Amino acid sequence: MPKWASSAVLCLPWLLSGCGGDQSALAPAGRAAHEVALLWWWMLGVSTIVLIAVCGLWLWAQFRKPVDTDPDTERRIARRWLIGGGLVLPLVTIVVLLAFGIPIGHRMLPLPLDEAPMKIEVTGHQWWWEVHYPASGITLEDRIVMPAGRPVDFHLESADVIHSFWVPRLGGKIDMIPGRTNVLRLQADAPGRFRGQCAEFCGLRHAHMTLTVDALAEDDWQAWLAERAQAGQADEAGASP
Amino acid sequence: MTTTVQTREKVWHNPRGWRALTVVSHTNIGRRFMLTGLFFFLVGGLMAMLMRAQLAFPDQAFMSAEIYNQLFTMHGTIMMFLFALPMLEGLGMYMVPKLIGARDLAFPRLGAFGYYCYLFGGLILLSSVALAMAPDSGWFMYTPLSSDVFSPGLNSDFWLLGVTFVEIAAVTAGIELMVSILKTRTAGMSLSRMPLMAWYLLVTSVMVVFGFPPLILGSILLELERAGGLAFFDVARGGDPLLWQHLFWLFGHPEVYIIFLPAAGLVSTLIPVFARRPIIGYRALVLAVITTGFISFGLWVHHMFTVGIPKLAQAFFSVASMLVAVPTAVQIFAWLATLWAGRPRFSLPMLWIFGFLVVFVFGGLTGVMLALVPFNWQVHDTHFVVAHMHYVLIGGMLFPLVAGIYYYLPLFTGRMPSMQLGRWGFWLFFIGFNVTFLIMHFTGLMGMPRRVYTYEAGLGWDIPNLISSIGGFIMTAGVGMVLLDLVLHGRYGRKAPANPWQGDTLEWTLRLPPPNWNFDTLPTVNSRHPLPVFPGHNTDASTEPMPSWLPDMSHGRRETLGCHPVSGKPVSTIHLPGNSWWPFVCALSLAVLCVLLLIRAYPLAAASATLSVALLSAWSWYNGPRKAHALAPSDPDQPPLHFRGLDSPGLWGANAGLMASGSLFMSMLFGWFYLWTVAPLWQFPEQTPLHWPLLTGVALLCSLAAWVYRRLLTPPKQGLTRSVLLIAGAGALALMLLATQIRLAPLAVREQAHDAILLVMLLYLLMHVGVALLATLLQARRAALGLVSAELPYELPIVRQLWRYAVLVAWALLLVLIAFPLSWGVY
């Protein structure tokens, strides 16, 4: 068996433990992440088959007993391989891939909904996340609290260099580029705690620019908002002379 | 007059000691590129090992973030710019004349110059490591991180100046290979009889000529922003950091195919020899290679799927990125078909080819996955991409390279490899590679981003990283064993018999190792397989004796055949330049300039630049033939000497150089239109700062110069010098008008991107007019001395081309900078 496969077998016990982790795209907890994870497993399966088939054919061609061919057989062989393998195989694969992939990508877009999703503004700094809730005026650092079970639109900007906002268990990433606002829509299926990390090299402490995302059930979410509003009022009351 | 071996050795002599710096022969220069590339490979590999040591365990304090950031930046920079391309260029320069039946490449001194630029540029880059000032913004140097605001200090400047210097070598090699393959093939070698490797290298060299200038432009603009405060990538002043990404990847994507195609050419070379039959699908392969070259220029945005560009654009680039798999698949199945229909025999090179297949196909498959946008959004900028790119780069380039080196060992040293140690080296490397990088796909999927100097425990990344690091050590052992194997067999292997592998192409007619001049006499070929090694497949074996060419060297000239680019019919005898100090001296002067720019000593740098221009002009002067050779009678049996006509390698080289400059210009136009339409805070001033009458004057004068030159192509017996001086006069006037425009235009280049771009474009035109003027003045002097005349007209069309290009740029600027915006109503 090809040596790479032996390497894969060595990893099997750990693989089978679910490829989990708070930041794993293979432990999806949101709809977008679920779809991409499924896409990945299918693509891996088909790729493995293609790789084994191509390598198998090569080994067979290299080591089998050669058969004498006349020019006509040669032309047939050439046509079969070049057209079947060179044109048909990749084109069919590409069409199938796009047929599944394009709708998935489309569903991940922040297109207008009947009810506008909640908006959270995140600004990337070197090397921390500034999280702002425009509706309620709350500001957090390196932490996001959001309601579970409904879509949330993140409006992403940068205060300095290019960063990238990424919470793998919920969905894909998008860059935070100075001068622009990019929008990413994420939805957590169920309450939980997830981890995010900056995914565009942004300088010295890029490796430490992490993010904690807490998705709360709807009641808990309202409670949290209320608690923060009270704390805010208390601050203001305390601060006024 | 007979030519003896002694005569040949004298004409093609390579001096030793100090004078070895003057050597220009392609065999030596190609070998130097390869050995220097090997040195940089080992340096880059050492850096990778240090990185893997740091990442083996979570939260390690083995290495600080500063050091790690410099290491990963330099690892990528060294491997991509100082190893991959120079190594393959070196192999190409070494092989091409032997493949196409020539004695040397078309521009031996240019090749030597390119080598020294590579060497000095590489040393400048390495010196940054020694000074602990290595670039640390990633090998693709995204702004604003790499700008002076967020990366003060010289680190990024080392990259911008050093890499641009090294790229001179890439572009000169591209020009040289392109012209050599098109114009110096031996008699009868039409394009359809050319070895496939020559096709692959032809397409690669054209890709280099067009693909490198966008990066050169980007680097110049970023350096101007960092050192001069000009605004190109700064949002507040009307620029856009994404412009850098576009310019970089416009280069970056063709770059990886530039790296892959020569290696695929090696596979196409080895397969038929080891299958003992001609390759199946020669035409399909040529078409596939050309298609790959074209498509590769239309894919670059797949590196930018997460920046937020419009979805329609993303869909286009996604589909295009997948479609490039089609010509690649055609190549793979042509190879498969050849093995299937042949009588394959196994060997050490074929073992490495099999390794290439497994690794590269897997890398290609993950590449198609990455082209799918939703999946890309998860794994972009993670270790999944690191795994993918190492699979395609190491699989697609390193494995075929090693196969090719083993295959051509008889040419390099006259000795044969063997399976004994080689087999161990292969498996050690293959296993080590897969242990390192296979698991890395999962490391990325589990959320580990790229370019992190450490990571927290408990995220599931601990074991995979440890496995990758252990694999890295195994891989290193493999590299060591392969190198040992090559050195041992290179020196002590079995002496190679004639045509040891039974190859069908011309390089196997040479003595092993071949003499400096390759062929004693140049053959005529009339089929794809000049050596009839494939039984039953020798078409049109002619019974007439086929003429051989250029047997005589007693006149003391280095010569090779000049051919028609398509049919291969011999049309001229090219007098090649011999050993010279100019390439070394000029490269050294440019190295001094590079260092002065680096330390921002601008007045000294200006003086140094003037010196470089003088040295380069002197080189161009001494590159022409001495009068003795120029007016020597041609051998009646051989085609005429090339300086008697208007078509010359120099003209083709000039055109190739202008194509590269044209690619730079088109990148500038891209920048202009991009910033105009996309930059968030782009502003037009109330009025255009340009004065159209001045610019129109410049364009008209350049047009006059080009027009007069056209008439000089049938040079008059008398008055040539006067006419050339007239042209120089028009050119000088154009230069003055342009300089006036630049000085008088109210350009606030530090405040507005609009003005900064205008300045760069005007300076670009100024440079071209200046070069054309300088060349014209030199030509006038040469005409006065009788070195350019009706009998020696070949230099005239070359300078004419310089004026024609200046005309093109001048009118284009009028259109794009004044007419178009005015008609759009922005001023």
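Read on for an overview of the structure.

Parameters at a glance
Residues numbered from 1 in each chain as written. Chains lettered and ligands numbered in written order. Predicted model: local features only at pLDDT ≥ 70, side-chain atom pairs only at ≥ 80, totals over all residues. Heavy atoms only, no water. Helix = DSSP H or I, 4+ residues; strand = E, 2+ residues; numbered from the N terminus. Buried < 20%, exposed > 50% of the residue type's maximum accessible area, 1.4 Å probe, protein only. Contact = heavy atoms within 4.5 Å. Areas by Shrake-Rupley, 256 points an atom, 1.4 Å probe, with all protein chains shown as cover. Lys, Arg positive; Asp, Glu negative; His and termini not counted. Charge placed at Lys NZ, Arg CZ, Asp CG, Glu CD. Axes fitted to C-alpha atoms, helices over the stretch in contact; angles between N-to-C directions. Parallel < 35°, antiparallel > 145°, perpendicular 65-115°, else oblique. Left-handed = near helix turned anticlockwise from the far one by under 90°. Nonpolar A, V, L, I, M, F, W, Y, C, P; charged D, E, K, R; others polar. Pairing = 2+ DSSP bridges. Patch = residues over 30% accessible without salt bridge, like charges linked within 9 Å, V, L, I, M, F, W, Y side chains within 5 Å. Salt bridge = Lys/Arg side-chain N within 4 Å of Asp/Glu carboxyl O. Buried area = accessible area lost by both parts, 1.4 Å probe. Polar contact = N/O pair within 3.5 Å; in protein donor to acceptor, adjacent residues only side chain to side chain. Core = buried A, V, L, I, M, F, W, Y, C linked by side-chain atoms within 4.5 Å.

### Structural notes on the overall build of chain B
What chain B contains, in helices and strands, is 25 helices and two strands. The principal-axis extents of the C-alpha atoms in chain B amount to approximately 80 × 75 × 50 Å. Relative to its full complement of 827 residues, chain B shows a buried share of 66%. Sequence-distant contacts in chain B: of pairs separated by 6 or more residues, those separated by 24 or more amount to 83%. Here chain B displays about 28300 Å² of accessible surface, and carbon together with sulfur accounts for 69% of that area. On chain B, the mean spot of the 47 positive side-chain charges and the mean spot of the 34 negative ones are 12 Å from each other.

### Topic: the packing of helix α4 (residues 108-130) of chain B against helix α5 (residues 155-183) of chain B
All names here are of chain B. In contact at an axis separation of 8 Å, α4 and α5 are set at 160° when each is read in the N-to-C sense. Judged by the angle between their axes, α4 and α5 are roughly antiparallel. The interaxial crossing formed by α4 with α5 has left-handed handedness. A per-class count over the contact of α4 with α5 returns 15 nonpolar, eight polar and one charged.

### Considering the sheet that holds strand β5 (residues 152-158) of chain A
All names here are of chain A. Pairing in this open sheet of five strands is mixed, and the strands run β3-β2-β1-β5-β8 from one edge to the other. Edge positions in the sheet fall to β3 (138-141) and β8 (182-186), since each of these pairs with one other strand and no more. Put simply, the sheet's adjacent strands are angled 25° from each other on average, direction ignored. The pairing of β5 with β8 spans five bridges and is classified as antiparallel. Bridging across to β8, Asp153 finds its partner in Arg185.

### Digging into a nonpolar patch on the surface
The grouping of A:Ile83, A:Leu87, A:Val88, A:Leu91, A:Val92, A:Val96, A:Phe100 and B:Leu323 at the surface amounts to a nonpolar patch, some 660 Å² of accessible area in total. Ranked by residues supplied to the nonpolar patch, first place goes to helix α3 (residues 71-107) of chain A with seven residues. With respect to the element layout, A:Val88 can be found in helix α3.

### Remarks on the sheet that holds strand β10 (residues 210-216) of chain A
Residues and elements named next belong to chain A. As summarised here, the arrangement of the three strands in space is β4-β10-β9, forming an open sheet in which the pairing is mixed. Only two strands of the sheet have a single partner each, and these edge strands are β4 (143-147) and β9 (192-197). For this sheet, the mean angle separating the axes of adjacent strands, direction not counted, is 25°. Here β9 pairs with β10 via six bridges, running antiparallel.

### Considering the pairing of strand β2 (residues 570-576) of chain B
For a regular strand, the rule is simple: side chains alternate between the two faces of the sheet. Residues and elements named next belong to chain B. Among the seven residues in β2, six count as buried, and that is most of the element. As paired strands, strand β1 (residues 558-563) and β2 are joined by six bridges and run antiparallel to one another. In the strand pairing of β2, Glu559 is matched with His575. What sits between β1 and β2 in their antiparallel hairpin is a turn of six residues, with Gly568 showing a positive phi close to 80°.

### Some thoughts on the packing of helix α19 (residues 602-623) of chain B against helix α24 (residues 753-784) of chain B
Residue and element names in this part refer to chain B. In contact at an axis separation of 11 Å, α19 and α24 are set at 40° when each is read in the N-to-C sense. With respect to their mutual orientation, α19 and α24 come out oblique. In this structure, α19 crosses over α24, and the sense of that crossing is right-handed. Contacts from Val613, Ser617, Ser620 and Trp621 of α19 reach α24 at Leu774, Leu778, Arg781 and Arg782.

### Examining the interface of chain A and chain B
In this assembly, 84 residues from chain A lie in contact with 95 residues from chain B. For the pair chain A and chain B, the two sides together bury roughly 7800 Å², of which 76% comes from carbon and sulfur. On the surface where chain A and chain B come into contact, there are three salt bridges. On inspection of chain A and its partner chain B, the count reaches 16 residue pairs in polar contact (both at pLDDT 80 or more). Taken together, the elements giving at least two residues each to the side of chain A that touches chain B come down to α1 (3-16), α2 (31-63), α3, β7 (174-176) and β9 of chain A. Residue contributions to the side of chain A that touches chain B peak at 19 residues, all from α2(A).

### Some thoughts on the environment of A:Asp142
Residue and element names in this part refer to chain A. Among the structural elements, Asp142 can be located in the loop between β3 and β4. Taking C-alpha positions, Asp142 is 9.8 Å from Gly124, a pair spaced 18 residues apart along the chain. In this view, Asp142 contacts Trp128, Trp129, Thr210, Leu211 and Thr212; residues no more than four positions away in its chain are not counted. A polar atom in the side chain of Asp142 sits 2.9 Å from the backbone nitrogen of Trp129.

### Concerning the nonpolar core
Side chains that are nonpolar tend, in soluble globular proteins, to be buried together. A:Tyr133, A:Ile144, A:Phe165, B:Trp335, B:Trp672 and B:Trp803 are the most contacted members of the largest nonpolar core, which totals 364 residues. No other element matches helix α3 (residues 65-100) of chain B, which puts 22 residues into this core. Residues contacting A:Ile144, with those up to four places away along its chain left out, are A:Ile120, A:Val122, A:Val131, A:Tyr133, A:Phe154, A:Phe165, A:Leu211, A:Thr212, A:Val213 and A:Asp214.

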